[in-house]
Amino acid sequence: MANYYSDHPEIEFHLNHPLMKRVVDLKERNYAEKDQFEDAPVNYEDAIENYKRLLDITGDVAANIIEPNSEDVDLEGPHLENGRMIYASKTFENLDATRKAGLWGLSMPRRYGGLNLPNAIFSMASEIIAAADAGFQNIWSLQSCIDTLYEFGSEEQRQKYIPRICAGETMSMDLTEPDAGSDLQRVMLKATQDEDGTWRLNGVKRFITNGDSDIHLVLARSEEGTKDGRGLSMFIYDKRDGGVTVRHIEHKLGIHGSPTCELVYKNAKAELCGNTRLGLIKYVMALMNGARLGIAAQSVGVEQEAYNEGLAYAKERAQFGEKIINFPAVYDMLSRMKAKLDAGRSLLYCCARYVDIYKALEDIARDTKLTPEERQEMKKYTRLADAFTPLAKGMNSEYANQNAYDAISIHGGSGFIMEYKCQRLFRDARIFSIYEGTTQLQVVAAIRYITNGTYLSIIKEMLESEVSDDLKALKERVAKLVDLYEAAINKVKEANDQAVHDFLARRLYNMTGDIVMSLLILDDATKAPEMFAKSANVYVRMAEEEVLGHSAYIQNFKAEDLESFKA
């Protein structure tokens, strides 16, 4: 029987990364709950075995329920009845299966009914479910919104809402409005207080994923007369209280199972989450960083499934008396798809581990004072997580699009026929580089870490790691790319021209991702050559091709050249 976890041993490889020991020790607070909760691990090895069992269950549900339902869900989609969103019928089956399997509230503490899993493990489960159906992964993975409520809500709110998510109720984050897409400072949904202090929400939200969910986190303008982010606060809306209707469900290119709704708030009762004025500045940034890592996991899942589809077809399809997998043009595409998948997955879980360490230390700090060493550790991993999140989201969302495109190319004319899965993967993937911050916005988030030398210092530290003898030549080639990268950064900074800086930022970003992932895949190939040696060879050559081109472009660019590009 198929299993989307055990069929891909590369996932378990990342489960065994050396840094996972620190992640788990912190998350479990040195296994303090082993005598309090039956499912709490007694030590690191026990925790890892628990994770493997949960991922195996996830892989089984994904392969044998969610994936077989995916085509029907894509064809039916959700629909609107009397101001309410109704899921596709097979989506209800998926929800029921994941609830019965205990796949809700994964990251939440056990005292609220959760499983207390690290983000790295949640990301693995998220990747597995996305490979089965990216649209359903949206509905399921939005449970991670509860992390923001846990982090910033009151204890009363935690006790009220977290157990419901752990039992399988759904969530959404209501941020976007008709006049506020990427620019969330323009949000105008109004929050006012009754005389008794009750908050009421009025206005419209648009493009809300899973918009008719049970519990919503809502960005609204609480400070009258303000027009920027400082007037925005975060609110909790409970569907049980009423006051919100679905006006429209978008008809989308892909992820049909994931309802994208336009919501009308009419005097809807809500609770303030945290403090006023911090909605965008603090809470949404935390919410978005988690969501961006979720899209990175979703992207890796589709990268895997697109590669699987392309490989299976190439093995079966014959042309000119030979299976097409033996044609250089085809195995070139397949090898690049696999290299992007392996390198992208490595970046995803590298970032997830960084997030885990700083989040666990933040959580510990709520209950006890951190040591100076722990404060330094939290500062270090906060910086690393902030730097790696836009890379993981941006690079993987682009790779998912590229792998889905190449899967269709391998299928030839059949790839354009709706009966083949690769067309759905292609349609689904297109949104990944748009929602939760376009790739251009990931560049904006990353560029300060490029120009201030953060990535360069990380890369140089990574270069000090030993690789196996047969990979040393590849590593030397990457070291030469780092020199070109540093020179390109200096060239852009020396131009001292904001327009030039903004125009060339995407190329610097791509160079950063190429080099970081080259070094990650070399490290993986050193530890597990049977899994990753081929991908390391292919990926470094790909990176070399890209970095050399971007370097030449930047070095030969002048400010006056901008005129040729303006519309």
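None of these values were measured; they are calculated from a predicted model. (Residues numbered from 1 in each chain as written. Predicted model: local features only at pLDDT ≥ 70, side-chain atom pairs only at ≥ 80, totals over all residues. Heavy atoms only, no water.)

**Details of the nonpolar core**
Ranked by size, the top nonpolar core spans 157 residues in total, and within it L201 and F388 carry the most contacts. Looking at which element gives the most residues to this core, the answer is helix 10 (residues 328-365), with 20 residues. Residues contacting L201, with those up to four places away along its chain left out, are L189, K190, A191, V218, A220, F235, Y265, K266, N267, A268 and A270. Counting 31 residues, the second largest nonpolar core, distinct from the first, contains M171, L184, L217 and I236. (Core = buried A, V, L, I, M, F, W, Y, C linked by side-chain atoms within 4.5 Å. Buried < 20%, exposed > 50% of the residue type's maximum accessible area, 1.4 Å probe, protein only. Helix = DSSP H or I, 4+ residues; strand = E, 2+ residues; numbered from the N terminus. Contact = heavy atoms within 4.5 Å.)

**Description of the layout of surface pockets**
Of the volumes computed, that of the second largest pocket is approximately 590 Å³. Lining the second largest pocket are 24 residues, and of these C350, Y354, E461, M462 and S465 sit closest to its centre. For the lining of the second largest pocket, the element with the highest residue contribution is helix 16 (residues 498-527), accounting for 6 residues. Classifying every residue of the lining of the second largest pocket gives 12 nonpolar, 3 polar and 9 charged. (1 Å grid on protein atoms, 1.4 Å probe; cavity = no way out; pocket = protein on both sides within 12 Å on 5 of 7 lines; lining within 4 Å. Points joined across faces, edges and corners; volume = space filled by probe spheres on them. Nonpolar A, V, L, I, M, F, W, Y, C, P; charged D, E, K, R; others polar.)

**A closer look at the pattern of salt bridges**
In this structure the tally under the stated criterion is 40 salt bridges. Between K100 and D96 there is a salt bridge, with its nearest N and O atoms 3.0 Å apart. Of this pair, K100 and D96 are both found in helix 4 (residues 89-100), 4 residues apart, which corresponds to roughly one turn of the helix. When its relative accessible area of 68% is taken as the criterion, K100 is described as exposed. For D96, a relative accessible area of 35% gives the class partly exposed. For E177, the salt bridge identified is with K205, shortest N-O distance 3.0 Å. Taken together, the residues E177 in the loop between strand 3 (171-174) and strand 4 (190-193) and K205 in strand 5 (residues 199-209) connect sequence positions 28 residues apart. Residue classification places E177 among the buried residues on the basis of a relative accessible area of 8%. Judged by its relative accessible area of 0%, K205 is buried. Overlapping salt bridges, with partners in common, bring together E28, E33, D39 and R110 in one network. (Salt bridge = Lys/Arg side-chain N within 4 Å of Asp/Glu carboxyl O.)

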